[in-house]
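Summary of structural features
Each chain is listed here by its residues.
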Amino acid sequence: MADKKETITLITGADKGIGFATAQGLGKIGQHVLIGARDAKRGQAAVDKLQKQGYKAALIMIDVTDQELIKQAVAEIEQKFGYLSILINNAGVALDHHESAADLSTDTIRQDFDVNFFGMIDVTQAMIPLLKKDLPAKIVNLSSNMGSLTFASDPESRFYKVSSLGYQASKASVNFFTINLSKELADSNITVNSVNPGWTATGFGGRPMSMPKIPGMQDVEEGAAQVIKMASLPRDDKTTGTFTENAGKLPW
Ligand SMILES: NC(=O)c1ccc[n+]([C@@H]2O[C@H](COP(=O)([O-])OP(=O)(O)OC[C@H]3O[C@@H](n4cnc5c(N)ncnc54)[C@H](OP(=O)(O)O)[C@@H]3O)[C@@H](O)[C@H]2O)c1
């Protein structure tokens, strides 16, 4: 069993993209990162890379839509570490591609919600008992500025004309989970915050990684910066129920 003082951090969808960059940033400051992955080969490659850099890392097989795998992940963390200190709900998909809300299939919307919302809730609910074994603990939820109701309804906002209903609604729902859970868990000493990584050059939404970075897109390190910041606040920091990005606070 791990030394009780070690900070054990599970990041879902951490085999690549912002999740992997977050793992690197938190590994660098000494957190023991658990790479949540649904592909064993890619997950192990990510762990190997982190360990070669001198960071503490281990693989946890987890598909956030698979109840059995979530249960197994809880049992494995319990058995190997005994507790969890930080949960980063990073796994996400964007399956709708700017189709009009009048036409977008509800199957696509459901798939966005299955991963981004229901999957995140299932993982969080399953991990709360482990987080309660290493208080004060933290939950960081990956949201998006595209999920801001304020931006989407403001004619002055660059998001006013954006329509990606499944993705936007699923991330607005992530924020609602953050708000409700942060209030509920305040007395338990678990903080819950939403973070917008910003538009980042990953393979997200099916973007080919060979594609050159579009002007305005951030590098993945910049995309992970606010997540790393929220997950590396002092363990007893009380910041909870916020929605932030690198530039500061965001409107819900
Ligand atoms: N990139 C952006 O511009 C941007 C902007 C705002 C918010 N975000 C948010 O940031 C987070 C990370 O995105 P990213 O840009 O790093 O995307 P990415 O490179 O596509 O990484 C997404 C990760 O989520 C995993 N994933 C997808 N479905 C999963 C499932 N059912 N169970 C477990 N893992 C699953 C993927 O695993 P596989 O490798 O197995 O597919 C991958 O590891 C997402 O929540 C996204 O909504 C991204």
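Before any of the text, the structure's been laid out above.
In what follows, the accompanying structure is described. Keep in mind the model is a prediction, meaning the values are calculated, not measured.

**Thoughts on the overall build of the chain**
Secondary structure assignment for the chain yields seven helices and eight strands. Taking 18 Å as the expected radius of gyration for a compact globule of 252 residues, we find that the chain reaches 17 Å, a close match to that expectation. Along the first, second and third principal axes, the C-alpha atoms of the chain reach 55 × 45 × 35 Å. Across the 252 residues in the chain, those meeting the buried criterion constitute 51%.

**Comments concerning helix α2 (residues 40-52)**
Its 13 residues place the ends of α2 18 Å apart at the C-alpha level, agreeing with the 18 Å of an ideal helix rising 1.5 Å per residue. Contact partners of the buried residues in α2: α1 (17-28), β2 (32-37) and β3 (57-61). Sitting at the head of α2, D39 places a side-chain oxygen 3.1 Å from the backbone nitrogen of K41. Of the residues flanking the end of α2, it is G54, one or two places downstream, whose phi is positive at about 95°.

**Here we look at unusual backbone geometry**
L135 connects to P136 through a cis peptide bond whose omega is -5°. Following the sequence through the fold, P136 ends up in the loop between α4 (106-131) and β5 (137-142). Positive phi outside glycine occurs at H98, with the angle close to 60°. Located in the positive-phi region is N189, a residue other than glycine, with phi close to 70°. Examined against the element boundaries, N189 turns out to sit in the loop between α6 (165-185) and β6 (190-195). Relative accessible area serves as the criterion here: at 34%, N189 is assigned to the partly exposed category.

**Some points on the site of the ligand**
Among the 29 residues in the neighbourhood of the ligand, the closest are listed as D15, I18, R38, R42 and T202. Between a nitrogen atom of the ligand and a main-chain N or O atom of V64, the distance comes to 2.9 Å. In the model, an oxygen atom of the ligand is placed 3.5 Å from a nitrogen or oxygen of the G92 main chain. Look at the ligand: alone it shows 900 Å² of surface, and the protein chains cover 94% of it. Of all the secondary-structure elements, those providing two or more residues to the shell around the ligand are α1 and α6. Of the residues contributing to the shell around the ligand, the split by class is 11 nonpolar, 12 polar and six charged.

**Structural notes on the environment of A172**
Along the polypeptide, A172 turns up in helix α6. Linking A172 and G147, residues 25 residues apart in sequence, is a C-alpha distance of 4.3 Å. Every residue in contact with A172, bar those within four places of it in the chain, is listed here: G147 and L149.

**Digging into the packing of α4 against α6**
Relative orientation of the contacting elements α4 and α6 amounts to 20°, with a least axis distance of 7 Å. One finds that α4 runs roughly parallel with respect to α6. α6 is crossed by α4, and the crossing has right-handed handedness. Packed against α4, whose contacting residues are I109, D112, F113, N116, F117, M120, I121, T124 and I128, the element α6 presents L165, G166, Y167, A169, S170, K171, S173, V174, F177, L181 and L185 at the interface.

**Considering the sheet that holds β2**
Strands belonging to one sheet form pairs held by backbone hydrogen bonds; the direction of such a pair is parallel or antiparallel. Strands sit in the order β3-β2-β1-β4-β5-β6-β7-β8 across an open sheet of eight strands; the sheet is mixed. The sheet is open, and its two borders are formed by β3 and β8 (248-249), each paired with just one other strand. The sheet contact formed by β2 and β3 spans five bridges and is parallel. If you follow V33 over to β3, its bridge partner there is A57.

**Description of a nonpolar patch on the surface**
Residues W199, M211 and I214 make up a contiguous nonpolar surface patch of about 280 Å² in total accessible area. Accessibility expressed as a relative area gives 37% for M211, which makes it partly exposed.

Rules used in this analysis
- Residues numbered from 1 in each chain as written.
- Predicted model: local features only at pLDDT ≥ 70, side-chain atom pairs only at ≥ 80, totals over all residues.
- Heavy atoms only, no water.
- Helix = DSSP H or I, 4+ residues; strand = E, 2+ residues; numbered from the N terminus.
- Rg over C-alpha atoms; globule rule 2.2 N^0.38 Å.
- Buried < 20%, exposed > 50% of the residue type's maximum accessible area, 1.4 Å probe, protein only.
- Expected span 1.5 Å × (residues − 1).
- Contact = heavy atoms within 4.5 Å.
- Polar contact = N/O pair within 3.5 Å; in protein donor to acceptor, adjacent residues only side chain to side chain.
- Near = heavy atom within 4 Å.
- Areas by Shrake-Rupley, 256 points an atom, 1.4 Å probe, with all protein chains shown as cover.
- Nonpolar A, V, L, I, M, F, W, Y, C, P; charged D, E, K, R; others polar.
- Axes fitted to C-alpha atoms, helices over the stretch in contact; angles between N-to-C directions.
- Parallel < 35°, antiparallel > 145°, perpendicular 65-115°, else oblique.
- Left-handed = near helix turned anticlockwise from the far one by under 90°.
- Pairing = 2+ DSSP bridges.
- Patch = residues over 30% accessible without salt bridge, like charges linked within 9 Å, V, L, I, M, F, W, Y side chains within 5 Å.
- Salt bridge = Lys/Arg side-chain N within 4 Å of Asp/Glu carboxyl O.

Remember that the coordinates give geometry; whether it matters functionally is a separate question.
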